[in-house]
Amino acid sequence: MNSSKNLLPCGRKSSILDVPIPGFPGTGVPIHETRGRSRTSAIRRFTLPDVVRKAWETDALELAYPDPSDRNGFERFEREAVAVAAKNCPAEITAAMQSMKTPGGEVALYIQNLPRDPKLPQPPHDGVRPISKETSVSETVLVGITNFDGEVFAYKEEKDGRPVQEIAPVPRSERKASNEGRAVLGFHIDDSIVMPCARPKGLGLYGLRNDPLTPTHVLDVNAFHASLPAWLQEQLARAEHCLCAPESFAFPTETWSAPTSIFSPTGDGRVEMALSIKMRGDNERAQHALDVVTSALERAPFESVILGAGSGADLLYFSNRFVAHSRGMISTGARWLQRVFTTPNLDKIRKMTGTMAPTRSFEARQLMMGHSGGACTRYS
Ligand SMILES: [Fe+2]
C-alpha cells in the first residue's frame, strides 16, 4: 500500500488508505488513487509509481525549454511535451484531467511523485527562470499534463507574459499581496478582473521546493455557495461589485473593474466565482454583502496541500472557475513553484485581442470587465 500523505484542511493526516487501481500505458504497474474524497472534498489525489516517474523523467530530459520570446519554439516544445505526457501519463490521470472540461467532472487534482529535475538551482529572486536551470523536466511535465484540459496562455502584464511562470518570493516585493510576496494570501480566483471567457479556466502549480512547508488551500466554490443564505446568494449574483486588478499585474495605478457579479450561473446547475484579493461594493448593500461573504470565507471549510515538499515533484491543478485558492505565509526559507494558466478558448482570446497564432500572451487590459469598444470604461 502506498503511504502518501493526505493532508486534510488543518494539516492533519488522513487515515484513508490509498487504493491501487489498475492500468496505465507502458509498465502494467498499478498507480495509486487516494480514495480520500468525502462528499465535500474537491481534490482527487493520485500518486505515481516510481517506475512511471522515472520513465517520464527520462523522456522529459530530452526536451529543452525554449526562450520564452520564441513563440514558435514554445509551440514546438508544447507539442513535444504533450507527446511525452501522452506516452507516460497513467490513463486514470489523463481521464481525470480531461473530465475537468465537463459538468460533473473533477475540479481539482493533486498528483504526487511526478518527475523532477535531477539538479535544481536556487529559486529565482526576480521571478524569471534561472539560466542555471539546466534541464526542463518540470516544464515538460507541467505543460504536457495540463494540456489534457486546456492550452497554456498568459497575460503580458504578469511575469512578462511567460507561458510557464516562476512563483517564488521576490525580495523587493515581499510585502505585496501577490505571488511575489510572503504574506498570507486570502481566497481568490486568479485574474478575476478579466472577462470570464478570457480568464484562466485551469491553474497548474508544480512544486519544486518548499522549505517553509507553506500550504496552498483550495475551496470548493459550489459547496461554499450552497452554504450561503439565499439573500446573500441573490445579492452576490447582482452586477454591483468591483474587483481590483491583482498586484501581480504591472499596472501603474490601482485598477478596478466595472461592477460585476461575484457568482454567475454556468448553465449546468453550477456557479462560477469572481473573487479578488481587493473588492468593493458599488453601493452600501453590495458592500455589506461583500463584508459578509469575506467573513464567511474565513470560516469556510477548505483543503490543503503542501506543494514541493516531497522527494518527487507534485502538481496541484484546479479549475479557476469552481475552486478558489489561498496560500499560507511563506516564512523564512526557499519556496519555488512553477505555474501555468490554461484555457480551451485560445483562438477566441486571439480573436478578441486581434492576434493570431502562435500568440499566447495577451494584454489583460483588452480583456478586462468594463472594456468596451476599444476603451476602458468605469475604471477609477
Ligand atoms: Fe492565485
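Residues numbered from 1 in each chain as written. Predicted model: local features only at pLDDT ≥ 70, side-chain atom pairs only at ≥ 80, totals over all residues.

1. Topic: the overall build of the chain
No. 1: In terms of regular secondary structure, the chain is built from eight helices and 20 strands.
No. 2: Burial status across the chain gives 46% buried among its 380 residues.
No. 3: Here the analysis covers contacts within the chain between residues at least 6 apart in sequence; of these, 74% occur between residues at least 24 apart. (Helix = DSSP H or I, 4+ residues; strand = E, 2+ residues; numbered from the N terminus. Buried ≥ 20, exposed ≤ 12 C-beta atoms within 10 Å, placed from the backbone. Contact = placed C-beta atoms within 7 Å.)

2. Re the confidence of the model for the chain
No. 1: Mean pLDDT over the chain: 86, with 86% of residues reaching 70 or higher.
No. 2: Below a pLDDT of 50 lies the segment residues 1-39, which in the model reaches 74 contacts outside its immediate sequence neighbourhood of four places, other chains included.
No. 3: Scored below 50 in pLDDT, residues 371-380 makes 14 contacts in the model with residues more than four places away or belonging to other chains. (pLDDT = per-residue confidence, 0-100.)

3. Examining the pairing of strand 5 (residues 151-155)
No. 1: Counting buried residues along strand 5, five of its five residues qualify, which places the element largely inside the surrounding structure.
No. 2: Every second residue of strand 5 is oriented toward a common face, with E151, F153 and Y155 on one face and V152 and A154 on the other, all of them buried.
No. 3: Of the strand pairs in this sheet, strand 5 and strand 17 (residues 335-343) are connected by three bridges, and their pairing is antiparallel. Directly across from E151, in strand 17, lies its bridge partner T343.
No. 4: Bridge count between strand 5 and strand 18 (residues 361-362): two bridges; the pairing is parallel. The partner of Y155 across the bridge, within strand 18, is F362. (Pairing = 2+ DSSP bridges.)

4. Brief notes about unusual backbone geometry
No. 1: A cis amide bond links A357 to the next residue, P358, at an omega of 10°.
No. 2: For N113, which is not glycine, the phi dihedral falls at a positive 60°.
No. 3: Residue placement: N113 occurs in strand 4 (residues 108-114).
No. 4: Accessibility expressed as a C-beta count within 10 Å gives 21 for N113, which makes it buried.
No. 5: Of note in the backbone geometry, D160 takes a positive phi value of approximately 55° without being a glycine.
No. 6: Among the secondary structure elements, D160 is positioned in the loop between strand 5 and strand 6 (165-167).
No. 7: Looking at D160, the number of C-beta atoms within 10 Å reads 15, which means it is partly exposed.

5. Describing the packing of helix 2 (residues 71-88) against helix 4 (residues 137-146)
When two helices pack together, their arrangement is captured by the angle between the axes and the distance separating the axes.
No. 1: Put simply, helix 2 and helix 4 touch, their axes get as near as 7 Å, and they point 80° apart. Comparing the axis directions of helix 2 and helix 4 gives the class roughly perpendicular. Together, E78, A81, V82, V84 and A85 of helix 2 and T140, V141, V143, G144 and I145 of helix 4 make up the contact between the two elements.
No. 2: Looking at the contact of helix 2 with helix 4, its residues break down into seven nonpolar, two polar and one charged. (Axes fitted to C-alpha atoms, helices over the stretch in contact; angles between N-to-C directions. Parallel < 35°, antiparallel > 145°, perpendicular 65-115°, else oblique. Nonpolar A, V, L, I, M, F, W, Y, C, P; charged D, E, K, R; others polar.)

6. Topic: the sheet that holds strand 14 (residues 303-305)
No. 1: Ordered in space as 7-16-9-14, the four strands form an open sheet in which the pairing is antiparallel. Among the strands making up the open sheet, the edge pair consists of strand 7 (185-188) and strand 14. Pairwise comparison of adjacent strand axes, ignoring direction, gives a mean angle of 20° for this sheet.
No. 2: Taken together, the five bridges between strand 9 (residues 216-220) and strand 16 (residues 323-327) define a ladder with antiparallel strand orientation. Looking at strand 16, one finds that V218 is bridged to H325.

7. Observations concerning the nonpolar core
Nonpolar side chains in soluble globular proteins tend to be buried together.
No. 1: In terms of nonpolar packing, the biggest core is built from 87 residues, with M273, L315 and V323 touching the most fellow members.
No. 2: If near-sequence neighbours (up to four positions away) are discounted, L315 is found in contact with I111, L114, L142, I145, G204, L205 and Y206. (Core = buried A, V, L, I, M, F, W, Y, C linked by C-beta atoms within 7 Å.)

8. Some thoughts on helix 7 (residues 284-299)
No. 1: End to end, helix 7 covers 23 Å across 16 residues, agreeing with the expected 22 Å (1.5 Å per residue, within 8%).
No. 2: For helix 7, every residue scored as buried is listed here: A286, A289 and V293. For helix 7, the angular spread of buried residues about the axis comes to 55°, placing them on one side. Across from the buried face of helix 7, at angles greater than 90 degrees, the exposed residues are E284, D291, S295, E298 and R299. (Expected span 1.5 Å × (residues − 1). Arc of directions from axis to C-beta.)

9. Some points on the packing of helix 1 (residues 50-60) against helix 4
No. 1: In contact at an axis separation of 9 Å, helix 1 and helix 4 are set at 105° when each is read in the N-to-C sense. One finds that helix 1 runs roughly perpendicular with respect to helix 4. Counted together, W56, E57 and A60 of helix 1 and V137, T140 and V141 of helix 4 form the full contact between these two elements.
No. 2: Of the residues assigned to the contact of helix 1 with helix 4, the class counts are four nonpolar, one polar and one charged.

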